[in-house]
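Single-letter residue listing:
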Amino acid sequence: RLYFNAQHKLLLLSPLQRSYFDFMCEKMNSRNQIKLAPRFREEFISFCERVLGKERARSQRTLIEAESQMKKLYLIFKVPEIPSLWYVNPKHVFKGTETDRKKLLECLGVQSAVHPDIRVAILNVPDSELTPPEVLRNLPTSEHEITEPYSD
């Protein structure tokens with residue numbers, strides 16, 4: 001599924017980049033993950049040659065540049081601590097049910113507390129506009145809270 005909130009980003013991709021992004025969406029697993037590696041890029045180049053009868057993606061370098069553009073737009077973002085594994089942003093596209101998408105976004109929301117790139121990718125507002133919910137702002141403070149600076 002493609003969600004309308006991706007249009008402003010997809011319009012910034014060249015036709016080849018958009019085709020490569022669509023290929024990623026077809027090949028991603030049920031967790032919206034894709035392994036970006038030379039073998040995957042070769043598979044796309046072969047696909048282009050087979051379908052179009054000519055080479056549209058001239059080299060892996062072309063595809064690495066396309067990946068850089070997708071990273072910049074947060075259409076894809078890194079899976080923390082797993083080399084070469086990337087998420088295709090479930091905020092914009094998802095391969096599965098709405099329930100599974102919601103679960104994945106909730107899981108990513110938890111990870112976003114320690115991985116700022118995930119937070120930027122899945123939220124609609126910058127960090128500077130985030131405010132804690134009222135329930136958190138109204139939590140009682142500790143009785144042992146330090147109210148004066150230390151003095152030696």
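Computed from a predicted model, the values in this text were never measured in an experiment. (Residues numbered from 1 in each chain as written. Predicted model: local features only at pLDDT ≥ 70, side-chain atom pairs only at ≥ 80, totals over all residues. Heavy atoms only, no water.)

## Remarks on the overall build of the protein
Test applied: Only runs of H or I of at least four residues qualify as helices and only runs of E of at least two qualify as strands under DSSP, and these elements are numbered from the N terminus. Note on exposure labels: buried denotes an accessible area under 20% of the residue type's maximum, exposed denotes more than 50%, and partly exposed covers the range between, all computed with a 1.4 Å probe on protein chains only. Methods summary: accessible areas were calculated by the Shrake-Rupley approach with a probe of 1.4 Å, and residue burial reflects only the protein chains presented.
Along the protein, the regular secondary structure elements total 7 helices and 3 strands. Along its sequence from the N terminus, the protein presents helices and strands in the succession α-α-β-α-α-β-β-α-α-α. Taken over 152 residues, the protein has a buried fraction of 35%. Looking at the protein as shown, the accessible area adds up to about 10200 Å², and 55% of this sits on carbon and sulfur atoms.

## Observations concerning helix α2 (residues 15-27)
Worth spelling out the cut-off: Multiplying 1.5 Å by the residue count of a helix minus one yields the expected span of that helix. The contact criterion used throughout is that any non-hydrogen atoms of two residues lie within 4.5 Å.
Between its terminal C-alpha atoms α2 stretches 18 Å, which fits the 18 Å expected from 13 residues at 1.5 Å a residue. Each element contacted by the buried residues of α2 is listed here: α1 (7-10), β1 (33-35), α3 (38-52), α4 (60-72), β2 (76-78) and β3 (85-88).

## Section: the pattern of salt bridges
The cut-off we apply is this: Salt-bridge detection follows one rule: a side-chain nitrogen of Lys or Arg within 4 Å of a carboxyl oxygen of Asp or Glu.
Enumeration over the complete set of coordinates arrives at 6 salt bridges. Of the charged contacts in the structure, one is a salt bridge between Arg-18 and Asp-22, with a shortest N-O distance of 3.0 Å. Here the residue Arg-18 and the residue Asp-22 both occupy positions in helix α2, the gap between them amounting to 4 residues, near one helical turn. Given a relative accessible area of 26%, Arg-18 falls into the partly exposed group. Arg-101 serves as the salt-bridge partner of Glu-98, at 3.9 Å between the closest nitrogen and oxygen. Taken together, the residues span about one helical turn, with Glu-98 and Arg-101 both in helix α5 (residues 98-111) at a distance of 3 residues. By relative accessible area, which is 35% here, Glu-98 ends up partly exposed. One salt-bridge network, in which partners are shared between bridges, spans Arg-1, Glu-98 and Arg-101.

## Regarding the sheet that holds β3
The condition is simple: Here, strands pair whenever DSSP counts at least two bridges between them. Axis lines are fitted through C-alpha atoms, for helices just across the contact stretch, and the angle between N-to-C directions can take any value from 0 to 180 degrees.
The antiparallel open sheet is built from 3 strands, whose spatial order is β1-β3-β2. Taken across any chain shown, the strands that pair with only one partner, and hence form the sheet edges, are β1 and β2. This sheet shows a mean twist of 40° between the axes of neighbouring strands, independent of strand direction. Relative to β3, β2 is paired through 3 bridges, and the arrangement is antiparallel. Note that in β3 the partner of Phe-77 across the bridge is Tyr-87.

## Describing the packing of aromatic side chains
To keep things clear, this is the line we draw: For Phe, Tyr and Trp, rings pair up if their centres lie within 6.5 Å, where Trp contributes its six-membered ring, and each pair is then called stacked (planes under 30 degrees apart), edge-to-face (over 60) or tilted (otherwise).
Summed over the entire model, instances satisfying the criterion amount to 7 aromatic pairs. Ring plane angle 40° and centroid distance 6.1 Å describe the contact between Tyr-20 and Phe-40, whose orientation is recorded as tilted. On the criterion of sequence distance, the pair formed by Tyr-20 in helix α2 and Phe-40 in helix α3 is long-range, its members being 20 residues apart. We note that Tyr-20, like Phe-40, is buried. When the centroid spacing of 5.3 Å and the interplanar angle of 35° are considered together, the rings of Phe-77 and Tyr-87 count as tilted. You can see Phe-77 sitting in strand β2 and its partner Tyr-87 sitting in strand β3, a full 10 residues away along the chain. On the basis of relative accessible area, Phe-77 is assigned to the buried category, the value being 3%. In this structure Tyr-87 comes out as buried when scored by relative accessible area, which is 4%. Among the aromatic side chains, those forming a connected cluster through ring pairs are Tyr-20, Phe-23, Phe-40, Phe-44 and Phe-47.

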